[in-house]
Amino acid sequence: MIFLLAVRLTTTLTPIDWSIMLVYFAFVLGIGFVLKRYVRTSNDFFLAGRSIPAWVCGLAFISANLGAQEVIGMGASGAKYGIVTSQFYWIGAIPAMVFVGLFMMPFYYGSKARSVPEYLKLRYDEKTRAWNACSFAIMTVFSSGISMYAMARLIQILHIFDGVFLRLGLPLDWIFHFSIVLSAAIVLGYIFFGGLTSAIYNEVLQFFLIVAGFIPLAWIGLKDVGGWQGIQRTLEPAYTHSWRGMEHASTNPLGTQWYALIFGLGFVLSFGYWCTDFLVVQRAMAAESQLAARRVPLIAAIPKMFFPFLVILPGLIAIALPTMTQRTLAQVQTAPVPGQARRADVLRGATSDAALTPMGKGLIPPKVDPVTGSVLTDSKGKPLLDYDLAIPNMLLHFFPAGMLGLGLTALLASFMSGMAGNVTAFNSVWTYDIYQSYIHRNGTDQHYLWMGRMATIGGILLSVGAAYLVTSFNNILDALQLVFSFVNAPLLATFLLGMFWKRTTGHGAFWGLLSGTCAAVLHIGLTLPADAAGVGIHGGWITVLHRYPSTMAQNFWTSGCAFTVCLAVTAGLSLMTEPRKEEELVGLVYSLTPKLSDSDLAWYQRPATLGIAVLVVLVLLNLVFA
Amino acid sequence: MGLDIRLPLGMLFVITGGMMAVYGLFTRGSAIYEKSLYLNINLIWGSILVLFGFLLLLLAWTARGAKSRAGEPAERGGAHESDKESIDSVQ
């Protein structure tokens with residue numbers, strides 16, 4: 001057993017770092033407090049009065065998606081897979097964002113639906129709405145809880161509050177609980193008062209803060225490794241090209257072929273998320289007009305395309321640097337999860353500033369078992385690397401006091417925007433699609449406004465519960481991600497058929513959704529990725545008929561399978577059941593809705609022009625990094 | 001709705017950028033900048049953030065002035081005051 005001679009983390013925050021964090025949190029809460037007086041109706045609370053400019057909604061549109069898993073996870077994937085990770089931003093987001101802006105937003109906004117499940121009720125029937133509303137509400141609570149858990153763990157790992165707790169004589173184990181309560185209280189504070197407007201405004205604040213905190217990281221990091229050419233010289237070509245080796249699954253780091261990437265990620269997963277997930281669509285529905293709502297995803301696509309340079313590039317830099325002199329590296333084992341054995345005291349005894357870790361790569365340390373403190377190894381005895389620490393370690397490595405405060409604030413902001421986005425989506429779906437529809441139908445507007453605020457408190461409390469659930473079960477994170485994919489993947493077929501084929505019926509949609517979900521479960525149960533430890537949560541629980549080269553490849557094919565089955569079952573059953581009258585579908589189906597004319601706008605103001613420009617830049621980025 | 005986002009955004013960057021720039025000014029030549037390859041990143045980046053913050057405040061102030069001259073209600077937020085609609089149930 002190899003024990004890591006760990007270096008105790010030296011994240012000593014200075015008064016300037018604390019001051020920057022405190023100023024940010026004061027602004028976050030202040031915005032909620034100022035907006036309180038403008039929230040008078042449920043429409044103001046849940047839909048921001050449909051009065052927000054397109055650029056503000058656009059930045060909130062991507063910021064709501066920039067949660068914890070996004071920033072930390074993309075940095076980690078950048079370090080693990082290289083620049084090909086950018087495809088999650090390029091192929092995996094931009095075409096879908098252009099599509100939702102140009103083709104789907106007129107239906108969401110024009111139908112006057114207040115949520116995505118409500119659109120399903122208008123287009124299909126009650127049972128389809130109920131299925132989507134319930135599954136979505138559960139997913140938002142868990143997503144918010146995961147963000148909360150991840151933030152509390154990061155605060156522990158970075159030892160942000162250690163000094164304060166030691167000074168106050170409080171046990172360090174309480175830091176996890178304190179972080180959960182603190183993040184919950186802050187998010188509750190600004191959403192409770194200002195509703196969706198407050199969440200959107202804070203997401204814009206968080207967007208700019210993330211940009212302000214990460215540009216210097218990419219800049220100094222690149223300077224240190226000798227620019228992009230320096231990275232190309234240091235790393236293997238597979239890390240610096242996004243399309244090389246895609247002809248075959250075994251010749252690229254993702255372990256998937258180009259057509260699986262385009263169909264699985266670029267179509268099903270990407271369109272399934274950006275076109276149907278109420279978390280992001282809600283931001284566009286808050287826009288001041290239908291034209292503004294159509295522009296929202298297109299405006300969001302512009303910064304989205306360049307985000308890989310802020311969150312993925314630091315991951316590449318982290319492995320391109322010489323294997324470190326780890327004076328400042330974060331080490332997981334000094335931050336125990338509640339209930340697990342604490343090794344901090346033992347490790348502190350073995351700690352020395354001169355101690356080095358020979359098993360890491362660049363700034364990425366080896367993965368350590370949080371209970372035993374030993375380095376985890378693969379079947380060949382090679383240490384596994386903890387890629388999740390790429391971004392935190394980059395911050396600690398390059399940022400001095402002051403700038404470190406801004407960088408850490410940006411990181412914490414990303415966690416909170418993820419949490420807040422989920423909580424606002426939850427309170428709308430709960431109030432409109434569950435409470436108003438099935439529990440209390442004819443309440444006053446003020447009653448639903450009150451319920452929205454109560455749902456915010458309830459959503460945050462459930463998120464706290466979900467965060468502790470994640471703490472208690474080792475594999476629950478993986479399990480949840482799997483469940484999300486089961487629910488999301490078939491939904492795209494339901495929406496595409498509903499919006500673009502007037503013959504689709506409610507019975508077809510409902511049973512199609514269920515069949516798609518079952519197909520996804522079955523596919524996972526019959527296949528196993530090569531990088532899985534064994535039969536279990538990652539698949540093969542029925543029997544192993546096929547082995548995929550990577551989990552990513554398995555995900556792409558699972559979503560493709562769910563989509564295809566949902567499409568076929570929905571179409572087949574729709575042909576066998578009676579369709580709704582055409583006059584009932586005006587404004588809900590493409591062929592029955594009067595086409596929007598942009599002829600009164602100059603060519604450069606039209607959403608289609610912006611959409612084409614975004615796609616051209618996307619092609620250019622792919623050519624440059626091919 | 002209510003508040004021009006450029007105001008709090010501008011103020012946040014003027015304050016945090018200002019704090020960083022002043023801190024950078026007082027720590028010129030300090031060993032802490034060994035980490036950032038001897039660049040006084042606090043002074044450089046803090047100053048850029050202050051300028052960005054002022055630009056946002058200027059834009060908010062200009063928009064407010066333009067609205068006032070046009071005789072429209074005072075600017076409430078890079079956005080129009082919402083038409084207060086009662087809940088329109090689509091149950």
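To keep things clear, this report deals only with the structure shown in the data block. Please read these numbers as outputs of a predicted model, since none were measured by experiment.

**A look at the overall build of chain A**
The number of helices and strands found in chain A is 24 helices and two strands. In terms of overall dimensions, chain A is globule-like: its C-alpha atoms have a radius of gyration of 24 Å, near the 25 Å expected for 626 residues. With the C-alpha coordinates aligned to their principal axes, the bounding extent of chain A is approximately 75 × 55 × 50 Å. Counting contacts in chain A only where the partners sit at least 6 residues apart, residues at least 24 apart contribute 80% of the total. For chain A, the exposed area adds up to about 21900 Å²; of that, 66% sits on carbon and sulfur atoms. If the 38 positive side-chain charges of chain A are averaged to one point and the 30 negative ones to another, these points end up 2 Å apart.

**Looking at the nonpolar core**
All names here are of chain A. One finds Tyr 108 and Phe 307 to be the most contacted residues of the largest nonpolar core, which totals 198 residues. Sort the elements by how many residues they give to this core and helix α9 (residues 174-225) lands first, with 24 residues. When residues are assigned to domains, this core turns out to be shared by domain 1 (14-322 + 405-470) and domain 2 (477-595), each giving three or more. Once residues lying within four places of it in the same chain are set aside, the contact partners of Tyr 108 are Arg 50, Val 100, Ala 113, Val 116, Tyr 119, Cys 275, Thr 276, Val 281, Met 285, Phe 495 and Met 499. One finds Val 84, Leu 265, Met 552 and Phe 556 within the second-largest nonpolar core, a separate group that totals eight residues.

**A look at empty space enclosed by the protein**
Residue and element names in this part refer to chain A. The final tally for this structure, using the stated rule, is two cavities of 30 Å³ or more. In this structure, the second largest cavity spans a volume of roughly 30 Å³. In terms of lining residues, the second largest cavity is bounded by Asn 132, Ser 135, Phe 136, Met 139, Thr 276, Asp 277, Val 487, Asn 488 and Leu 491. Per element, the largest residue contribution to the lining of the second largest cavity is four residues, and it comes from helix α7 (residues 126-157). A breakdown of the residues in the lining of the second largest cavity according to their chemical character gives four nonpolar, four polar and one charged. Looking at the lining of the second largest cavity, you find at least three residues from each of domain 1 (14-322 + 405-470) and domain 2 (477-595).

**Some thoughts on the side chain of Ser574(A)**
If you trace the backbone, Ser574(A) turns up in helix α23 (residues 551-576). With residues near it in sequence (within four places) discarded, Ser574(A) still touches Trp501(A), Arg503(A), Thr504(A), Thr505(A) and Gly508(A).

**Concerning the interface of chain A and chain B**
Between chain A and chain B, the residue contacts involve 60 residues of the former and 44 residues of the latter. Across the chain A/chain B interface, buried area totals approximately 4300 Å², and carbon plus sulfur atoms make up 74% of it. Contact with chain B buries area across many residues of chain A, yet Phe27(A), Tyr38(A) and Tyr201(A) alone supply 13% of it, more than any other trio. Summed over the shared surface of chain A and chain B, the number is zero salt bridges. Counting every contact that joins chain A to chain B gives six residue pairs in polar contact (both at pLDDT 80 or more). Secondary structure elements with two or more residues in the side of chain A that touches chain B: α1 (15-35), α2 (42-47), α3 (54-63), α6 (116-123), α9, α18 (390-398), α19 (403-439) and α20 (445-472) of chain A. No other element matches the 13 residues that α9(A) contributes to the side of chain A that touches chain B.

**Regarding the pattern of salt bridges**
Applying the stated criterion across every chain, the model contains ten salt bridges over all chains. Residues Arg580(A) and Glu584(A) are paired through a salt bridge, measuring 3.1 Å at the closest nitrogen-oxygen approach. Glu584(A) sits in the partly exposed class, given a relative accessible area of 38%. The partner of Arg6(B) in a salt bridge is Asp4(B), with the nearest N and O atoms 3.0 Å apart. Asp4(B) shares its class with Arg6(B); the two are buried. Salt bridges sharing partners connect three or more residues here, namely Lys121(A), Glu126(A), Arg129(A) and Asp433(A).

**A word on the packing of α3(A) against helix α14 (residues 290-306) of chain A**
Residue and element names in this part refer to chain A. The interhelical angle for the contact between α3 and α14, taken along N-to-C directions, is 55 degrees, at an axis separation of 7 Å. With respect to their mutual orientation, α3 and α14 come out oblique. Crossing hand, α3 versus α14: right-handed. Residue-level inspection shows Ala 54, Trp 55, Cys 57, Gly 58, Leu 59, Phe 61 and Ile 62 of α3 in contact with α14, the latter providing Ala 292, Arg 295, Val 296, Pro 297, Ile 299, Ala 300, Pro 303 and Lys 304. Per-class residue counts for the contact of α3 with α14 are twelve nonpolar, one polar and two charged.

**Topic: the side chain of Gln257(A)**
Residue and element names in this part refer to chain A. Looking at where Gln 257 falls in the secondary structure, it is placed in the loop between α11 (237-240) and α12 (258-276). By relative accessible area, Gln 257 is classed as buried at 17%. Once residues lying within four places of it in the same chain are set aside, the contact partners of Gln 257 are Met 246, Glu 247, His 248, Ala 249 and Trp 557.

**Brief notes about unusual backbone geometry**
All names here are of chain B. Even without a glycine there, the phi angle at Leu 37 is positive, about 60 degrees. Inspection of the secondary structure puts Leu 37 in the loop between α1 (6-26) and α2 (41-69). In this structure, Tyr 38 is a non-glycine residue whose phi angle is positive, near 65 degrees. Position of Tyr 38 relative to the elements: it lies in the loop between α1 and α2.

**Focus: the environment of Ala613(A)**
For Ala613(A), the location among the structural elements is in helix α24 (residues 607-624). Taking C-alpha positions, Ala613(A) is 28 Å from Gly245(A), a pair spaced 368 residues apart along the chain.

**Some details on the packing of α7(A) against α20(A)**
Residues and elements named next belong to chain A. Between α7 and α20, the least distance of the axes is 7 Å, while the angle of their chain directions is 65 degrees. Handedness of the α7/α20 crossing: right-handed. Residues Val 141, Phe 142, Ser 144, Gly 145, Ile 146, Met 148 and Tyr 149 of α7 pack against Ile 460, Leu 462, Ser 463, Val 464, Ala 466, Ala 467, Leu 469, Val 470 and Thr 471 of α20. Tallied by class, the residues present in the contact of α7 with α20 amount to twelve nonpolar, four polar and no charged.

**Here's the deal with the packing of aromatic side chains**
All names here are of chain A. Scanning the model with the defined rule gives 40 aromatic pairs over all chains in all. When the ring of Tyr 259 is compared with that of Trp 557, the centres are 6.4 Å apart and the planes differ by 70 degrees; the resulting orientation is edge-to-face. Taken together, the residues span a long stretch of sequence, with Tyr 259 in helix α12 and Trp 557 in helix α23 at a distance of 298 residues. Relative accessible area serves as the criterion here: at 40%, Tyr 259 is assigned to the partly exposed category. Here Phe 267 and Phe 563 contribute two aromatic rings whose centre-to-centre distance is 5.2 Å and whose plane-to-plane angle is 85 degrees, an arrangement assigned as edge-to-face. With Phe 267 in helix α12 and Phe 563 in helix α23, the pair connects residues that are 296 residues apart, well separated along the chain. Classification of Phe 563 as buried rests on a relative accessible area of 6%. Connected via pairs of aromatic rings, a cluster forms that spans Phe 99, Phe 103, Phe 107, Phe 263, Phe 267, Phe 271, Phe 500, Phe 563 and Tyr 590. Sitting above the plane of the Tyr 432 ring, Arg 114 keeps its charged end 3.8 Å from the centroid. Sitting above the plane of the Phe 192 ring, Arg 453 keeps its charged end 5.7 Å from the centroid.

Procedures and definitions
Residues numbered from 1 in each chain as written. Chains lettered and ligands numbered in written order. Predicted model: local features only at pLDDT ≥ 70, side-chain atom pairs only at ≥ 80, totals over all residues. Heavy atoms only, no water. Helix = DSSP H or I, 4+ residues; strand = E, 2+ residues; numbered from the N terminus. Rg over C-alpha atoms; globule rule 2.2 N^0.38 Å. Contact = heavy atoms within 4.5 Å. Areas by Shrake-Rupley, 256 points an atom, 1.4 Å probe, with all protein chains shown as cover. Lys, Arg positive; Asp, Glu negative; His and termini not counted. Charge placed at Lys NZ, Arg CZ, Asp CG, Glu CD. Core = buried A, V, L, I, M, F, W, Y, C linked by side-chain atoms within 4.5 Å. Buried < 20%, exposed > 50% of the residue type's maximum accessible area, 1.4 Å probe, protein only. Domains from an automatic or database assignment. 1 Å grid on protein atoms, 1.4 Å probe; cavity = no way out; pocket = protein on both sides within 12 Å on 5 of 7 lines; lining within 4 Å. Points joined across faces, edges and corners; volume = space filled by probe spheres on them. Nonpolar A, V, L, I, M, F, W, Y, C, P; charged D, E, K, R; others polar. Buried area = accessible area lost by both parts, 1.4 Å probe. Salt bridge = Lys/Arg side-chain N within 4 Å of Asp/Glu carboxyl O. Polar contact = N/O pair within 3.5 Å; in protein donor to acceptor, adjacent residues only side chain to side chain. Axes fitted to C-alpha atoms, helices over the stretch in contact; angles between N-to-C directions. Parallel < 35°, antiparallel > 145°, perpendicular 65-115°, else oblique. Left-handed = near helix turned anticlockwise from the far one by under 90°. Phe/Tyr/Trp six-rings, centres within 6.5 Å; stacked < 30°, edge-to-face > 60°. Lys NZ or Arg CZ within 6 Å of the ring centre and 35° of its normal.

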